[in-house]
Every structure is written in structure tokens, then in C-alpha cells.
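# Commentary on secondary and tertiary structure
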Amino acid sequence: MVGVGSEAEVEEFVRAARADHAPFEIVAGGTRRGVGRPMSNSLGAELPVLDVSGLTGIVKYEPEELIVTAAPGTPLSEIRAALAARNQCLGFDPADWSAMLGSNGTATLGGAVSADAFGPGRLRHGAARDSLLGFRGVNGMGESFRAGSKVVKNVTGFDLPKLVCGAFGTLCVLTELTFRVYPKASHAITLCVGDVTPEDGLAVLRRIAHSALEPAGLFYLPGGTSLLGDIGQGAAIIRLEGAEAPLAQKVAMAHGLIGGPAHALGDGDRLFEAVRNGALFAGSDLDMWRIALPPAEAPRVIKTLNPSLWLGDLAGGSLWIGAAPAAAATIRAVATKADGHAMLLRASPQSRASLGIYAPQPPALAMMARNIKAAFDPMNLLNPGRL
Amino acid sequence: MKFPVSDTAILSRRDEIVARLREIVPDGVVSDQSGLATFDCDALSTYRQQPLVCVLPANREQVSAVLRYASAQGIPIVPRGSGTSLSGGALPREDGILLGLGRMKRILEIDYENGCVVAEPGVTNLAITKAVEAQGFYYAPDPSSQVACSIGGNVAENSGGLHCLKYGLTTNNILGVTFVLPDGEIVRLGGKSGSQGGLDLLGLVTGSEGLLGVVVEVVARILRKAPVTRTLLASFNTVTDAGACVAAIIADGVVPAAMEFMDRRCAEAIESYNAPGYPKAEAILLIDADGVEADVADAVARITAIVARIGGTAQEATDEKARARMWAGRKAAFAAMGKLAPDMMCMDGTIPRHALPEVLAEMDTLSTQYGLGFCNVFHAGDGNLHPLILFDVDKPGELERAEAFGADILRLCVKVGGVLTGEHGVGIEKRDLMTDMFAEPDLEQQHRIKCAIDPAGLFNPGKVFPTLSACIEQGHLHVHGAQMPRSDLPRF
């Protein structure tokens, strides 16, 4: 393992790796190493590790500009606290998957971006790709470059920041990230519509999603889990935010849209944190999937798959599913049929090796993706084969 | 501006190319000189170039067939939506096929359950909102040309508008596209789920300015229209106060739906043009808050308090008519400026907002240096600056001075940490300034992406990426005799 503390050191490392034709794995906190195909070199040996956890700290935070720039190794907890102190937050509500993936490492900003690890707050402000304005990185040729900008509105040149979100470190070694940030409301309330079927609960959530309430989180939790007390067959959970007086009006409007009984939960923050970080799945040994869907397809997908452990975030647009390894092919097929896709987040090394993270793409798209990878990393040195 | 050198071998094969395109799109080939003249520029009409031929396919299969043919024959392709680009993105090539998507203008599906509209690329931006507004929905990005500009063009340019700070640009408001690659392959990027799994190719092609392929279908996200919108007009004794007010509003956690800045010259010109009742002040902010009633009331109260604290004066539009009048002034800014001088250029840069006083002072210095007047409109919330340079093309040397002034303004934006373009795109207009913003390795990385998808360089060649031999640097929208190109469109 080689540690680096500056972009120049990253360049030096990559150039040496290039000269040696030696692919490597990029690691910061290491909490998400269990996601994706296990990597090895052409001889089947473990890859050397580039430890970027030394690239850490907030470089510049300008609350009035809604901009924060930080090194990728910055712990999520650190950046979350710094923004919260100014009543702001990151839009994609970055998730810490360490408990879910059985790691005792520290979840970082760069890891959350690279793994597209969003939380329920994505509903309001989008994924990492929607707020990553710019970055610096080192490509597979050992050249540092910058992309995007440090202002909130920019269309100059290709939008490379989009590409590094969810790329699992296969395009470049990130060395600096600039985000647009969002205000955090002074008050929040979590409503629980208990004992509803998935179909009815998700329908309530879609009604709220398509209202003018600008909800901050909408998920369905089936009954019988440890996250909430007795919710019967399941609960639709609604999070609303705002200043104190407006929030009361929003709650009243939400009750009108729900059309049935709903009560406020005392500890919504804790519940949302648990959902964000995948706590529901931490104690299970099932394989874990995250399925992106057109939200209205969620009830059908759940009925077809009938999973024993699941959760429907983003009003059904993002299903978390725990399943036995044998269900993999069915899950991918059902997701594709519903015009979505299934991302494998946790499985045995054997399953991960054969399934990858994302489903195989049609040939033309796969070729396009390969060519883009090669445009950053022609020798396939960075996290080779992980996707 | 240096145009790419035309390929004489292609020029000499014109008849054969026209004939082949007629086989692919029998009812959609324009090849006569008068027909082609209507396609010789987009809204950046300083630059004109008649295309070799224009083809107007009716469906994606025809698009694909045209691209396969062009790719096999090595013929450049310039895609065009409605031709409203302000950066010359759809400027034709003398030796290239102009591929117009205007005939593909059907809305294919409205899906309220999944909050989206599926549309062909030629559907106008506003038509999407019109299709869903009866149900209380709308499509958020609203470039000023929205009555005419196409959704396909919006994707290609990653178009913005007045409401970006709260609602994002095109890239944040589309869920998927169907895209034809240079070799004619038709691929789906994203979809109603909003993502595709794997690299975010949807994000890459959005805003790629026609350099990577052609959009043939768009899945646009629709939002519930806010039930309440209230408008405030705040006036200030100094530009610095207005800037401080914007920063304080943002720092207080308010995200206005729109927040527009006008300087004194601009406000005076507007006042004498259509008299919206703007007060005499060094700077004016026009602010919209939208949402549910109580949220808006809270925002208006906070904004009003901040304006007062800074020493400004705020007045609220008392009814819908007064609101429309306040906005009518701002939206007539370009037309009003047109009364001040025979010609003007509209620049488009973004700056960190804290740099506003410095940038305005520096622009004053440049104005004196070049001997040309200017005024400023500014999407203040997101720092997107639109300086308007006043000149007279009939006075010898003024056009050149205006161009140099404009380029200096964009360099100034970059110098203070901003960018060359916040919403108009690079196109041909700002191509040669790219090296002012990006270092060589930055541009090379972008160019390698271009090469990965369009290795023959046939898609919109001569746009976005500077050529080493380029000699004149410019960046402007040229307006002559108060007549905007596409003067039927509002520009704000």
C-alpha cells in the first residue's frame, strides 16, 4: 500500500504504475471495497493499493456562494458537520455503507461520489451527479487535470463531473471535488402512514412526490423490521422540511393528500440516517441490490420478486432488496423489464465476479463506455474490471 | 473568426450526396440555394455559412441512415434544432450536411404517474409545459427562447433560464435520451428511471453541443407548478449593497425561484422603454419566491428584512398584474438597450457572486478604455452575468473594439474564478477563449472523449475546441439596428 498526500504524489504513483504496466486499486476509507468485481492482475495476484485517505480536508467553503471544495478523502462526517454548522448540506445526502458492508473504515466523500451512494435526500436535490460542479483528478497517463468549475452555473466544455459519479474509480484518481450545497431547513417533521400495503403506501408517496410540498424524503418500509415499532404490514414515511410556521401548513396539506390517518414520528432523524446507511441490511447475509425504477413500476416489481427484506426509497424510484444469490438473474431481468436497472451492492466474491455491479449493457453502449474508459485510462490501470 | 477549411473533394461531390440523401429522406432534402439560405446561421447571425445540403429526417431510422452514410463517406454533420443558439452551435459547414430535427416534433407520451413527458427532439421547450399545464405540471428549465427552442437543442446545449438556482439546468431535469451515435447506432441513455447503470453517458451527452451525436428522443421530468409566486423589487444606493443583499439572502437559506440584477443604466433604459415603474437606483433586484403559501410568506418576510437591514427599499407586487409589469421591464431589457445604440452584443459568463463589485468596476475601466458603453443584466442567484456592449457597426473600428471588449469581459470572469459561459454554450463564439479557462491537459482530456465517440471528427467540427491556428478571439451575440437575430424571441 502506497499512501499519497498530494496531487503531485498521485501523479508520480500513476506514472510509475504506467511504466511498470502495473494496475492498482484506489482506496480511501476502504468502506466500499466489497462492492464490484474482485480485482487482480493478469497473474491473478492481488493489486497494489493506492491509499488516498491522506488527500483529506475541506479546501474552501463559501456558504454565501453555495460552494464547498474538499479533498476526496475527507470523512463524510467531517463535511456533514462543517456544512451543518452553517445550516447547509450536500444535496445527494451521501450514505455511509460501512455497517452494511461490514467494514470498520471511515466513509469518505470521494467514495460516496464514486459509488453513487445517495440517501433519501436525493429526492429533493438529486444525486451526486446533480451537484458535483467540478473536480481535479489524475488520469491513467499520470496527468493531472481539472474539469467543470467552481461556480453554480456552467456549461463550458464537456460535463466530465457527471462521468466520475458512479464510475467506481475507473476513470481517474480524484484529488479534489467541488459541490454546490443546499440550505438545510430549520425544522423537519417525519410522518408515518402505518399499516398500508406496498401498493397503497407507494401510491401515497407518489402523490406527495408530485405535489408542491417539495418533500425531503419518501420511503416505504415493510412491517416486521427492527427500524420501526409496530407498523402492521408496512409504513409510508414522509419527511417535510421548512421554517416552523410553513411546516405546519405543509403537514396539513400532506394529511389531505394522504387521505387517512398518519402520525408524526418522534425520532425521524435517526430513522432517516438508518435508511440512508442501509442499516436494515446490516445484520443479514443476503445479497443486496439497489434497483433504479420509474417509481410507478415499484409495486409490480415487488409483487414479482416478493423479497423477504426490502425498502422502497425515492417514492419507489429506488428499491433496496435483499435476496438469495440464486435470485440474481431474475432480479436483473425484472428490473430491465420495468425500464430500470439493478445495481449489485453486496454479494460473495464469486457472485460479484460473475455479475459485476451493473448489468451488462447493449453492445453499442458497452463499446461507448469502453472507449470512454480508454480515453481516461488507456492502459486499464485504475480499478481494472471493477465495474 | 476562423472558419474550418472546406474539403473541396466533398464540395465537388455535392450532386451525388444530395441524390443519396434523397433516397434516405425522399421528402426532406433542401438543396436549392434560396432554401439553403434560410439555414445559413442560427441566432448568432454574425457568422453565416450556407450548408452543402440540408436534410430534415422524419424519424430516428432516417437520422441513423443519414449518419451511417455520412460516417462512411467522411462528410461533416451539423445537427440543428430550432436554430436559436446564441453561440453559433448550429452554424453550418460549407462542406457538411445540416441535419435539421424540426420535423420530429411529436409528444410521444405523457406519464403523470412517473412524472415525465417523452418527446421527439423538435418539440419546443414551451410545448412540453403546454402539454401538461392543465394537470398542474410544467417543465422547469425556461430559456428565454422557450417558445421556439427545441427540447433536443436544449439537451445539446444544456440550456438554462431564469430559474436555474432553484430548479437546475436541462441536465438536472431530463431522465433519459435516445441518441444516435456518429456511426448510426441508436442507443438509449437513461430512461424513466433517470439512470442507466454504468457510466453516466446521459450526463456526458447533455451539453455536448452536437459534438457527440444526435438526440432523437427526450424523457423530460415534469414538476408540479408552485401554487403561489410572489415578486419583490428591491432597490439599492450602491451595486455593492445589492451584491451583499443577494449573498445575505442565500446565506439565510432562502433559494428564490428567480433573482435578477439590473444596474442603473439598464434600469433607466428599461424605464424609458416600457415604464414598468422601476425606481431611480444604482441597482435593482427583482426577486421571485415560489412554493406553498406559507413557505413563500416566510421567504418574502425574510427577504424584506434583509433588504431593509442592508439599507435598500423593497416593494412587493400587489397583484398578478403588477407582478407581470415588474417582469415585463426585465424581459424587455434587450429591446430597451437596443434604443441606446444601433448595435449591441450580449455576453454570457458566470462569476462567483462575491466578485460582482470588482467585476463591475473592472468593466467600467474596460468601457472607458474601449470607448464603448455597456450595461448589465445578471442572474444574480447563480452568478450568471449578461453584460450588453453598445456600439455602432457603421463606425469604423467599433465592431472590432466591441469584440475585444467582450473577450476581455469573459477573461475577467475567468480571472475571478468564473467561467466563459453559464448557459449560451461555447459553440463557435467562445471557442478560441477556451484556452483562457482550461489548461492544455484539461482540454486534452475533453478532446479525448470527443475522439472516443467521434474518432473521425465529423460531428460539428470547428465548434467548442480551439484550433491552434485560430487568430481572432471573440465572444458575443451581435445585434444590429436593435434587431436581434430571431427578434421574435424575447431574450433575457
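Since the model is a prediction, treat every value here as computed from it, not as a measurement.

## A look at the overall build of chain A
- Helix and strand content of chain A: 13 helices and 17 strands.
- Taken over the C-alpha trace, chain A has a radius of gyration of 21 Å; the compact-globule value for 387 residues is 21 Å, and the two agree within 12%.
- Over its C-alpha atoms, taken along the principal directions, chain A stretches across nearly 65 × 50 × 40 Å.
- The proportion of buried residues among the 387 residues of chain A is 59%.

## Focus on the sheet that holds strand β1 (residues 29-30) of chain B
Residue and element names in this part refer to chain B.
- As summarised here, the arrangement of the 4 strands in space is β1-β2-β4-β3, forming an open sheet in which the pairing is mixed. Edge positions in the sheet fall to β1 and β3 (77-80), since each has one partner strand and no second.
- One ladder, built from 4 bridges, connects β3 with strand β4 (residues 97-100); its direction is parallel. Among the inter-strand pairings, Pro 79 is bridged to a residue of β4, identified as Leu 99.
- This element, helix α2 (residues 14-24), spans β1 and β2 (53-55) of the sheet and lies at about 10 degrees to β2.

## Details of unusual backbone geometry
All names here are of chain A.
- Its identity as a non-glycine residue notwithstanding, Asp 93 has a phi of 55 degrees, on the positive side.
- Mapped onto the elements of the fold, Asp 93 is located in the loop between β6 (88-90) and α3 (109-114).
- Residue classification places Asp 93 among the buried positions, given that 25 C-beta atoms sit within 10 Å.
- We note that Phe 168 has phi near 50 degrees; this positive angle belongs to a residue other than glycine.

## Some remarks on the interface of chain A and chain B
- Contact with chain A, which involves 67 residues of that partner, is made by 74 residues of chain B.
- With 8 residues, helix α13 (residues 363-376) of chain A is the single largest residue contributor to the side of chain A that touches chain B.

## Remarks on the domain arrangement of chain B
All names here are of chain B.
- You can read the domains of chain B as domain 1 (8-100), domain 2 (107-224), domain 3 (228-320) and domain 4 (336-480).
- Breaking the side of domain 1 that touches domain 2 down by element, the ones donating at least two residues are α4 (60-73) and β3.
- Per element, the largest residue contribution to the side of domain 1 that touches domain 2 is 7 residues, and it comes from α4.
- Split by residue class, the side of domain 1 that touches domain 2 holds 6 nonpolar, 7 polar and 2 charged.

## Considering the pairing of strand β10 (residues 187-193) of chain A
All names here are of chain A.
- One ladder, built from 7 bridges, connects β10 with strand β12 (residues 234-242); its direction is antiparallel. Considered in β12, the bridge of Ala 188 is made with Glu 241.
- Here β10 pairs with strand β13 (residues 263-264) via 2 bridges, running antiparallel. Pairing of Leu 191 across the sheet is with Ala 264, part of β13.

## Structural notes on the domain arrangement of chain A
Residues and elements named next belong to chain A.
- Parsing chain A into structural domains produces domain 1 (2-183), domain 2 (186-277) and domain 3 (278-368).
- Centre-to-centre, using C-alpha coordinates, domain 1 lies 24 Å away from domain 3.
- Tallying the contact residues gives 14 residues for domain 1 and 14 residues for domain 3.
- Its residues assigned to classes, the side of domain 1 that touches domain 3 comprises 10 nonpolar, 2 polar and 2 charged.

## A look at the sheet that holds strand β1 (residues 2-3) of chain A
- Within the open sheet, the 3 strands sit side by side as β1-β3-β2 (chain A). Their pairing is parallel. Edge positions in the sheet fall to β1 and β2 (25-27) of chain A, since each has one partner strand and no second.

## Quick look at helix α17 (residues 440-453) of chain B
All names here are of chain B.
- If you check α17, its first and last C-alpha atoms are 20 Å apart, about what 14 residues at 1.5 Å a residue would give, namely 20 Å.
- Turning to α17, its buried residues are Asp 442, Gln 445, Gln 446, Ile 449 and Ile 453. Taken around the axis of α17, the buried residues stretch over an arc of 90 degrees, which confines them to a single face.

## Thoughts on the nonpolar core
- In terms of nonpolar packing, the biggest core is built from 279 residues, with Ala 220, Cys 245 and Leu 285 of chain B touching the most fellow members.
- With sequence-adjacent residues up to four places away left out, Ala 220 of chain B is seen in contact with Cys 116, Val 117, Ala 119, Ile 128, Tyr 139, Ile 151, Asn 173 and Ile 174 of chain B.

## Brief notes about the environment of Glu 143 of chain A
- In this fold, Glu 143 of chain A is placed in the loop between β7 (132-139) and β8 (144-148).
- On the basis of neighbour counts, which here come to 18 C-beta atoms within 10 Å, the residue Glu 143 of chain A falls in the partly exposed class.
- Along the backbone, Glu 143 of chain A and Val 14 of chain A are 129 residues apart, and their C-alpha atoms lie at a distance of 8.5 Å.
- Excluding anything up to four places from it in sequence, Glu 143 of chain A contacts Val 138 of chain A together with Pro 441 of chain B.

## Considering the packing of α2 of chain B against α4 of chain B
All names here are of chain B.
- At a minimum axis separation of 10 Å, α2 and α4 run at an interaxial angle of 155 degrees. Relative to α4, the element α2 is oriented roughly antiparallel. The way α2 lies across α4 gives a crossing that is right-handed. Taking contact as the criterion, the partners of Arg 20, Leu 21 and Ile 24 in α2 are, on α4, Gln 62, Ala 65, Val 66 and Tyr 69.
- Considering only residue class, the contact of α2 with α4 consists of 5 nonpolar, 1 polar and 1 charged.

What counts, and at which threshold
- Residues numbered from 1 in each chain as written.
- Chains lettered and ligands numbered in written order.
- Predicted model: local features only at pLDDT ≥ 70, side-chain atom pairs only at ≥ 80, totals over all residues.
- Helix = DSSP H or I, 4+ residues; strand = E, 2+ residues; numbered from the N terminus.
- Rg over C-alpha atoms; globule rule 2.2 N^0.38 Å.
- Buried ≥ 20, exposed ≤ 12 C-beta atoms within 10 Å, placed from the backbone.
- Pairing = 2+ DSSP bridges.
- Contact = placed C-beta atoms within 7 Å.
- Axes fitted to C-alpha atoms, helices over the stretch in contact; angles between N-to-C directions.
- Domains from an automatic or database assignment.
- Nonpolar A, V, L, I, M, F, W, Y, C, P; charged D, E, K, R; others polar.
- Expected span 1.5 Å × (residues − 1).
- Arc of directions from axis to C-beta.
- Core = buried A, V, L, I, M, F, W, Y, C linked by C-beta atoms within 7 Å.
- Parallel < 35°, antiparallel > 145°, perpendicular 65-115°, else oblique.
- Left-handed = near helix turned anticlockwise from the far one by under 90°.

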